[in-house]
Amino acid sequence: MNSLHDSASGGQPSGSTYGSGSSYPRGIPDEQYRLIVHSIKDYAVFMLNPEGRILSWNEGARLIKGYTAPEVLGRSFEIFYPKEAVADGFPKWELKEAARVGRFEDEGWRIRRDGSRFWANVVITAIRDQTGTLIGFAKVTRDLTARREAEEQARMLAAEQAARAAATRRNEELNKLNSELESALTLAERSTRLRDDVLAVVAHDLRNPVHTILGAAEVIDVIDDGAQHERHVQMIQRAARQMERLISDLLDVASIENGTLSLRTGPVDFPRLVSDVQELFERQAREGKIDLHRDIDPGIPIIAGDQDRLGQALSNMLSNAIKFTPQGGTVRLYVTRTENEVLVSVSDTGVGISRADLPHVFDRFWRSRETATKGAGLGLSIARGIIDAHGGRMWAESELGVGTTVTFALPIAEPSTTDQRHR
């Protein structure tokens with residue numbers, strides 16, 4: 001086969017490696033030009049025939065691609081391309097472009113003899129004779145793998161630096177946010193302490209006059225001065241008791257929020273407790289012309305709890321139900337059980353609570369639009385705090401115009417007598 005490699009020992013075969021004399025630089029003899037090309041080691045410089053078969057091979061081609069001249073001469077230059085590029089017809093397209101415009105340049109992956117890849121810059125130049133007929137191609141390949149790796153490292157370094165800078169900014173923002181949260185927490189704690197101080201002052205300063213009012217009312221009550229006298233005495237007593245109840249409720253709310261609600265745990269007989277609480281409200285129910293009933297399943301066990309606190313929770317539930325049930329309505333107490341819990345419910349036929357308001361029924365100081373003029377909005381909040389302190393759960397179900405059912409469930413556990421503080 002005619003090739004530059006073949007012509008190393010003598011003159012150039014006619015019409016072979018480099019085509020006509022017009023393809024050589026003028027003034028340089030053929031042999032000298034061949035030696036110059038062959039001695040280049042930094043570039044792979046070789047010739048292709050019009051079909052892309054290799055006609056010559058220089059030292060740079062051997063060093064870059066790993067093939068010796070006998071291994072590649074006469075073979076298609078497609079052996080230097082990845083399989084996917086060959087399957088896509090990319091090598092043939094390169095030659096067509098070079099033939100069409102005279103030159104083609106590309107950068108991409110190429111394959112060495114050992115199968116490893118390298119990043120190459122490739123320039124293909126069409127070679128034509130004096131008549132313009134295409135007689136082959138000159139192909140020059142540079143190995144740019146080291147440059148590409150350096151560029152990749154530079155990109156990775158820049159990305160890492162950008163990531164570190166972004167992380168630094170995020171850390172600064174988080175530190176600022178933490179500082180703001182700490183300030184807010186400090187303010188909240190200060191507000192909580194202030195609220196507790198205010199509640200303590202209110203409790204201390206109001207209880208004394210309340211006790212005075214109650215004492216004076218009791219003295220006046222023994223003096224027989226007619227119906228008007230008795231009515232005013234009863235008004236004083238009711239007002240004083242309402243003030244004392246409000247103070248107690250406020251203190252309970254503070255204790256529940258601070259996790260300092262004290263419990264004296266002992267055996268609780270729920271059927272008895274429900275009956276006792278019901279008796280306390282019989283008069284109020286009769287005055288309001290409300291039917292008050294109870295349904296207690298048999299076999300309700302004795303469980304552990306603070307009887308006074310649980311009675312307070314049930315009283316709050318029952319007071320609410322009676323307060324918001326119109327004349328002629330019904331309030332019913334239920335005591336049932338599941339395998340693991342005792343359930344106590346208070347159901348009424350009152351005005352009910354809207355679906356939008358229902359999630360707020362246990363919020364402090366909250367009153368529904370339908371009942372906004374009644375109560376301070378603490379009863380159910382305190383009741384739930386007591387049930388939570390017992391490890392139970394509490395919920396409400398309601399429908400406007402039909403009524404409301406409030407239920408709490410307590411786990412069935414062996415009763416024991418202990419003092420504990422809810423935290």
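Scroll up a little and you will see the structure.
Note that the coordinates shown come from a computational prediction; the quantities given were computed from them, not determined experimentally. (Residues numbered from 1 in each chain as written. Predicted model: local features only at pLDDT ≥ 70, side-chain atom pairs only at ≥ 80, totals over all residues. Heavy atoms only, no water.)

A. Structural context of the overall build of the protein chain. A tally of helices and strands in the protein chain yields 10 helices and 12 strands. Of all 423 residues assigned to the protein chain, the portion counted as buried reaches 38%. Within the protein chain, counting contacts between residues at least 6 apart in sequence, those at least 24 apart form 59% of the total. Of the roughly 24100 Å² of accessible surface on the protein chain, 52% is carried by carbon and sulfur atoms. (Helix = DSSP H or I, 4+ residues; strand = E, 2+ residues; numbered from the N terminus. Buried < 20%, exposed > 50% of the residue type's maximum accessible area, 1.4 Å probe, protein only. Contact = heavy atoms within 4.5 Å. Areas by Shrake-Rupley, 256 points an atom, 1.4 Å probe, with all protein chains shown as cover.)

B. Structural context of the packing of helix H9 (residues 307–323) against helix H10 (residues 379–389). The interhelical angle for the contact between H9 and H10, taken along N-to-C directions, is 150 degrees, at an axis separation of 9 Å. Between H9 and H10, the interaxial angle falls into the category roughly antiparallel. Like other packed secondary-structure pairs, H9 and H10 cross with a definite hand, here left-handed. Contacts between H9 and H10 involve Arg309, Leu310, Gln312, Ala313, Asn316, Met317 and Asn320 from the former and Gly379, Leu380, Ile382, Ala383, Ile386 and Ile387 from the latter. Considered class by class, the residues forming the contact of H9 with H10 number 8 nonpolar, 4 polar and 1 charged. (Axes fitted to C-alpha atoms, helices over the stretch in contact; angles between N-to-C directions. Parallel < 35°, antiparallel > 145°, perpendicular 65-115°, else oblique. Left-handed = near helix turned anticlockwise from the far one by under 90°. Nonpolar A, V, L, I, M, F, W, Y, C, P; charged D, E, K, R; others polar.)

C. Structural detail: the pairing of strand S9 (residues 341–348). Burial analysis of S9 places 8 of its 8 residues in the buried class, the great majority of the element. Residues Glu341, Leu343, Ser345 and Ser347 of S9 are buried on one face, and the alternating residues Val342, Val344, Val346 and Asp348, pointing to the opposite face, are buried as well. Taken together, strand S8 (residues 330–337) and the strand that follows it, S9, pair antiparallel across an intervening segment of 3 residues. Examined bridge by bridge, S9 and strand S11 (residues 403–411) share 7 bridges and lie antiparallel to one another. The residue bridging Ser347 from the neighbouring strand is Thr405, located in S11. (Pairing = 2+ DSSP bridges.)

D. Here's a closer look at the nonpolar core. Counting residues in hydrophobic clusters, the biggest one holds 41 residues, and the most contacted among them are Phe270, Leu310, Leu318, Val331, Val346, Met394 and Phe408. Every element with two or more residues in this core is listed here: strand S5 (261–268), helix H8 (270–287), H9, S8, S9, H10, strand S10 (393–399) and S11. In terms of residue count, the dominant contributor to this core is H9 (7 residues). Not counting residues up to four positions away in its chain, the partners in contact with Val346 are Leu314, Met317, Leu318, Ala321, Val331, Arg332, Leu333, Thr404, Thr405 and Val406. Grouped together as the second largest cluster of nonpolar side chains are 24 residues, Trp57, Tyr67, Tyr81 and Ala85 included. (Core = buried A, V, L, I, M, F, W, Y, C linked by side-chain atoms within 4.5 Å.)

E. Up close: the packing of H8 against H9. Taken N-terminus to C-terminus, the directions of H8 and H9 make an angle of 40 degrees; their axes are 10 Å apart at the nearest point. Considering the angle they form, H8 stands oblique to H9. Seen along the crossing, H8 lies across H9 with a hand that is right-handed. Across the interface between the two elements, Phe270, Leu273, Val274, Val277, Gln278, Phe281, Gln284 and Ala285 of H8 pack against Gln307, Leu310, Gly311, Leu314, Ser315, Leu318, Ser319 and Ile322 of H9. Tallied by class, the residues present in the contact of H8 with H9 amount to 10 nonpolar, 6 polar and no charged.

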